[in-house]
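# Descriptive analysis of the structure
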Amino acid sequence: MKKNLFILEEHLDDKYPVDLRHYTHIRAYHACRPLNISDYLQEGIKPIDYKMALYDTKTRIVSKYVSEADAVCMLCSLWKDFHDMHKKVWVQMNKNDLLTYSGHYLIYGSEFINALAMNLGCRDKLKKIGIPTIFSCDIPTENIDCSTILDIEQCFYNGHTDDIGFSVPKIYPEDIAGYEHPVKGIPDPYYGGIEYIPTY
């Protein structure tokens, strides 16, 4: 089947309802702060699990100020209350939203590790590890829940296209269309919107 890709920016001025049944893929963006880009390109973008969280805890948080024992203890405590809805891959159809209102993913990384670092008083350390990255993903519509497809169509119908986020179980390597590293300042929601300037 020929690939028929739906890209939000190309339909903002449409005068008729969006019908995603005519498309095989939807372009969406995933913001993160990976340690190694090639891991994502080879393995895809996977939801966080305990093993991944433990690895990130040891590589991103443990330091001379935060012991491994304290970090892992906090990890275990927070993981018990970490809801399944967060153990998915979240994407955003409007890339500008990621850059303007959701910059914490680019500045600090994953939601869970961000919360863990905050509880340990070392969140700013996360800004020094990893590379702010936005992955462009062409997600097959067959991998998206029907209810989510209907929600997206409803957002267009109501004119609410500024923030259309949804989750998928995983993004496969072949569905990653590209990636970029933001070069402009990213508003930091934890510092009153003061811009974080990436350095590469």
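Below is a summary of the structure that appears in this document. From a predicted model like this one, the values you see are computed outputs, not experimental measurements. (Residues numbered from 1 in each chain as written. Predicted model: local features only at pLDDT ≥ 70, side-chain atom pairs only at ≥ 80, totals over all residues. Heavy atoms only, no water.)

The next thing to look at is the nonpolar core. One recurring pattern in soluble globular proteins is that nonpolar side chains are buried together. Formed by 25 residues in total, the largest nonpolar core has its most connected members in Met93, Ile139, Phe166 and Ile171. Only strand S2 (25-32), strand S3 (89-92), strand S4 (133-140), helix H7 (146-158) and strand S5 (165-168) provide two or more residues apiece to this core. Within the second largest apolar cluster, 23 residues are counted, among which are Leu75, Phe82, Leu98 and Tyr108. (Core = buried A, V, L, I, M, F, W, Y, C linked by side-chain atoms within 4.5 Å. Buried < 20%, exposed > 50% of the residue type's maximum accessible area, 1.4 Å probe, protein only. Helix = DSSP H or I, 4+ residues; strand = E, 2+ residues; numbered from the N terminus.)

Here we take up the layout of surface pockets. Quantified by volume, the largest pocket comes out at close to 1200 Å³. If you go around the largest pocket, you meet 42 residues; those closest to its centre are His30, Cys32, Tyr40, Lys46 and Ser110. Counting only elements with at least two residues in the lining of the largest pocket, the list comes to S2, helix H1 (37-43), helix H2 (50-61), S3, helix H4 (95-100), helix H5 (104-108) and helix H6 (111-119). The residue makeup of the lining of the largest pocket, split by class, is 21 nonpolar, 9 polar and 12 charged. (1 Å grid on protein atoms, 1.4 Å probe; cavity = no way out; pocket = protein on both sides within 12 Å on 5 of 7 lines; lining within 4 Å. Points joined across faces, edges and corners; volume = space filled by probe spheres on them. Nonpolar A, V, L, I, M, F, W, Y, C, P; charged D, E, K, R; others polar.)

Taking 1.5 Å of rise per residue, the 13 residues of H7 would be expected to cover 18 Å, and the 18 Å separating its terminal C-alpha atoms lies within 8% of that figure. Contacts from the buried residues of H7 go to strand S1 (5-6), S2 and S5. (Expected span 1.5 Å × (residues − 1). Contact = heavy atoms within 4.5 Å.)

Let us now look at the side chain of Ser167. Summarising the element assignment, Ser167 is placed in strand S5. On the basis of relative accessibility, which here comes to 19%, the residue Ser167 falls in the buried class. Setting aside residues no more than four positions away along its own chain, Ser167 makes contact with Lys88, Val89 and Trp90.

Here we come to the packing of aromatic side chains. The description of an aromatic ring pair uses the distance of the two centres, along with the angle that the planes make with each other. One pass over the structure, following the stated rule, counts 9 aromatic pairs. Geometrically, the ring pair formed by Phe6 and Tyr23 is edge-to-face, given 5.1 Å between the ring centres and 80° between the ring planes. You can see Phe6 sitting in strand S1 and its partner Tyr23 sitting in the loop between S1 and S2, a full 17 residues away along the chain. Residue Phe6 shares its accessibility class with Tyr23, and that shared class is buried. Seen in terms of ring centroids, Tyr50 and Trp79 are 5.9 Å apart; in terms of plane orientation they differ by 75°. Their pairing is edge-to-face. In this pair, Tyr50 sits in helix H2 while Trp79 sits in helix H3 (residues 68-79), placing the two residues 29 residues apart along the sequence. According to the relative accessible area criterion, Trp79 is buried, its value standing at 16%. (Phe/Tyr/Trp six-rings, centres within 6.5 Å; stacked < 30°, edge-to-face > 60°.)

A few words on the pairing of S2. Within S2, 8 of the 8 residues are buried, leaving the element largely enclosed by the surrounding structure. Burial of the side chains of S2 extends over both faces: His25, Arg27, Tyr29 and Ala31 are buried on one face and Ile26, Ala28, His30 and Cys32 on the other. Pairing analysis gives 2 bridges linking S1 to S2, with the strands arranged parallel. The residue of S2 that forms the bridge with Leu5 is His25. Sheet analysis places S2 next to S4, joined by 8 bridges and oriented antiparallel. Bridge pairing in S4 links Cys32 to Thr133. (Pairing = 2+ DSSP bridges.)

Moving on to the pattern of salt bridges. Inspection of every chain in the model, using the stated rule, returns 8 salt bridges. The partner of Asp138 in a salt bridge is Lys3, with the nearest N and O atoms 2.8 Å apart. You can see Asp138 sitting in strand S4 and its partner Lys3 sitting in the segment before S1, a full 135 residues away along the chain. Judged by relative accessible area, which is 6%, Asp138 ranks as buried. A salt bridge links Arg21 to Asp19; the shortest N-O distance between them is 2.8 Å. For Arg21, a relative accessible area of 72% gives the class exposed. Connected through salt bridges with shared partners, the residues Lys3, Arg27 and Asp138 form a single ionic network. (Salt bridge = Lys/Arg side-chain N within 4 Å of Asp/Glu carboxyl O.)

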